[in-house]
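Geometric and topological summary
Below are the chains, spelled out letter by letter.
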Amino acid sequence: MNTKRDTIDLLLQVAFLEGKITTHGLYEQTVLKRKPLVRSADAVKAALSQRLEAALLSNRSKATSPLTLGAFLRRLREHQSLRPQDVISRTGISSNIYKMLEHDRISPLKISLKSWKAMRQFFQIPLDALEDMIRRTHQLVFFRASFRTTLARYDTRKNKKMKAATLEKAAEELFVRATLPLPQKEQEKLNAFLKALAEEKA
Amino acid sequence: MGFFIASIQIPPAVTDFRYFSYRRMARFSNQQIVRELKEGDRLGCRHLVDLYQERLLGEATRVFRVPRLDAEELVSDVLLAVINKINTFEFKRSDGDFHYWLMTIFRNRVRDFMRHRAQTDGLWENFDEAALEDDETYSATEREVVRSILRNYEESLGSPEENEGSAKSSARGALEVIAEVLDQLETWERVLLRCRALEIPYEDIARYTGKTAKQLKVYHARVKKKFLNLLGRQTPKVQ
């Protein structure tokens, strides 16, 4: 701010930033050639590096985290430009159940084998992919309640909306990170369901 | 002997990790940084910061006069955007593609900052006018021409709460007159004005204009005057 600044330069800079005038890449080249005149403290640089690393990790986990049934169905439906009503009318699932399924609010085990068969035929989902997602989603739905209770003890937010959103996000993060084994009884139930689903195909 | 080895102290400059990372930096290409970031390698973040943080900070504070604290925030936003969008980036022509892509993000962020400043404090109010008063480079009428264009620009942006889409198009419309007046100048004059506004060295501009750097230095003030004159004639369009 100490150096003199010309009004014309300011005007031209605004025009440049708004895309009204161009330097045909000369400015970008100059930036590369210019020695950085401003020095930044090592602590500032280290903090920024950490922030970027965290963003990189979170992007990576988002990209590699396995899909749940809800996320999968929603993406597939949107990809095919369908409305929930279109799926409901073609598969015979009740609208409430389908909406809960898209939001991973219901265990896939609660849906009849007949409905699953219709869904698989409608979306052309391979059985092995469907099995993986059913396992994951059942695990998420089964553990979600306990995640929420645990997290609620640590959460001090007063705003109810914010609190719910934080818990929801935290529960999902926990699910992605955790590989919690289901209780034996629950596991048996899941295996039996998946076996029946496979036989349904045959 | 054991005591002797234990008492040898390695100079801190050699053990400092930053020393090694700096030495390595000089050999890093943009392609390497992009590859590291796409693979999720944390080292890519450090290289990105080492290569661009001070560079962009310098551009924001020195060329666009963004206050230091705002500039630091702006630069970290730019680098975060690079991290978040790295998977959408592809090299098409050369290693420089990444630099141009990053500079586009930087330019957009600076533009957003300028717009925000225009909507809240006003661009003219942030301008260090005292320096010009002493100079007596421009007359009051000439100054008023510039002021009216900037005012128009600020008004076209409206308040920060207003519809962003319509603000953008009307903001560009308010600056239409600048492009029109520049078109009336000779090519070398146009290049000189545009480039010096972004503090591109005279020597670099000389390569594109066929005039020497010394000549350009002399002509710069005159060309500015000419530009202002033409701008003054177009003022009715602005108002």
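Structure shown above.
It should be emphasised that the depicted structure is a prediction, and the values quoted were computed from it without experimental measurement. (Residues numbered from 1 in each chain as written. Chains lettered and ligands numbered in written order. Predicted model: local features only at pLDDT ≥ 70, side-chain atom pairs only at ≥ 80, totals over all residues. Heavy atoms only, no water.)

**With respect to the overall build of chain A**
Within chain A, the regular secondary structure consists of 10 helices and 0 strands. For chain A, the succession of helices and strands along the chain, N to C, is α-α-α-α-α-α-α-α-α-α. Across the 202 residues that make up chain A, the buried fraction comes to 42%. The contacts of chain A with a sequence gap of at least 6 include a subset with a gap of at least 24, amounting to 72%. (Helix = DSSP H or I, 4+ residues; strand = E, 2+ residues; numbered from the N terminus. Buried < 20%, exposed > 50% of the residue type's maximum accessible area, 1.4 Å probe, protein only. Contact = heavy atoms within 4.5 Å.)

**Looking at the nonpolar core**
Core analysis: the largest hydrophobic core is formed by 84 residues, its most contacted members being Leu48(B), Phe64(B), Leu79(B), Phe98(B), Phe106(B), Ile178(B) and Phe227(B). Ranked by residue count, the leading element in this core is helix H7 (residues 97-120) of chain B, at 10 residues. For Phe106(B), the residues in contact, after removing those within four places along its chain, are Tyr27(A), Leu56(B), Glu59(B), Ala60(B), Phe64(B), Leu74(B) and Val78(B). With 28 residues, the next largest nonpolar core counts Phe123(A), Ile125(A), Phe143(A) and Leu194(A) among its residues. (Core = buried A, V, L, I, M, F, W, Y, C linked by side-chain atoms within 4.5 Å.)

**Digging into the interface of chain B and chain A**
Opposite the 75 residues of chain B that make contact, chain A presents 50 residues. Our enumeration of links across chain B and chain A arrives at 10 salt bridges. Our count for the contact surface shared by chain B and chain A stands at 20 residue pairs in polar contact (both at pLDDT 80 or more). Looking at the side of chain B that touches chain A element by element, the count peaks at 15 residues for helix H5 (residues 42-63) of chain B. Its residues assigned to classes, the side of chain B that touches chain A shows 40 nonpolar, 7 polar and 28 charged. (Salt bridge = Lys/Arg side-chain N within 4 Å of Asp/Glu carboxyl O. Polar contact = N/O pair within 3.5 Å; in protein donor to acceptor, adjacent residues only side chain to side chain. Nonpolar A, V, L, I, M, F, W, Y, C, P; charged D, E, K, R; others polar.)

**A short note on unusual backbone geometry**
At Asp104(A), a position not held by glycine, the phi torsion is positive, near 55 degrees. For Asp104(A), the position within the fold is in the loop between helix H6 (95-102) and helix H7 (113-123). Although it is not a glycine, Arg65(B) adopts a positive phi angle of roughly 55 degrees. Tracing the sequence through the fold places Arg65(B) in the loop between H5 and helix H6 (68-85).

**Considerations on the side chain of Ser49(A)**
As for its position among the elements, Ser49(A) is in helix H3 (residues 42-64). Its relative accessible area of 9% is what places Ser49(A) among the buried residues. Ignoring anything within four residues of it in the chain, the contact list for Ser49(A) reads Cys45(B), Arg46(B) and Val49(B).

**Topic: the pattern of salt bridges**
Enumeration according to the criterion identifies 22 salt bridges over all chains in this entry. Across the pair Glu54(B) and Lys45(A) runs a salt bridge whose closest N-O atoms are separated by 3.6 Å. Residue Glu54(B) is found in helix H5, and its partner Lys45(A) is found in helix H3; the two belong to separate chains. Neither Glu54(B) nor Lys45(A) differs from the other in exposure class; each is buried. Glu144(B) is paired through a salt bridge with Arg151(B); the nearest N and O atoms lie 3.2 Å apart. Classification of Glu144(B) by relative accessible area gives partly exposed; the value is 35%.

**What to know about the packing of H5(B) against H7(B)**
Residues and elements named next belong to chain B. Between H5 and H7, the least distance of the axes is 12 Å, while the angle of their chain directions is 45 degrees. Accordingly, the angle class assigned to the pair H5 and H7 is oblique. You can see that H5 and H7 cross each other, and the crossing is right-handed. Mapping the contact onto sequence places Leu48, Tyr52, Leu56, Glu59 and Ala60 in H5 and Phe98, His99, Leu102, Met103 and Phe106 in H7. Class assignment for the residues of the contact of H5 with H7 results in 8 nonpolar, 1 polar and 1 charged. (Axes fitted to C-alpha atoms, helices over the stretch in contact; angles between N-to-C directions. Parallel < 35°, antiparallel > 145°, perpendicular 65-115°, else oblique. Left-handed = near helix turned anticlockwise from the far one by under 90°.)

Any functional reading would require information that these geometric values do not contain.
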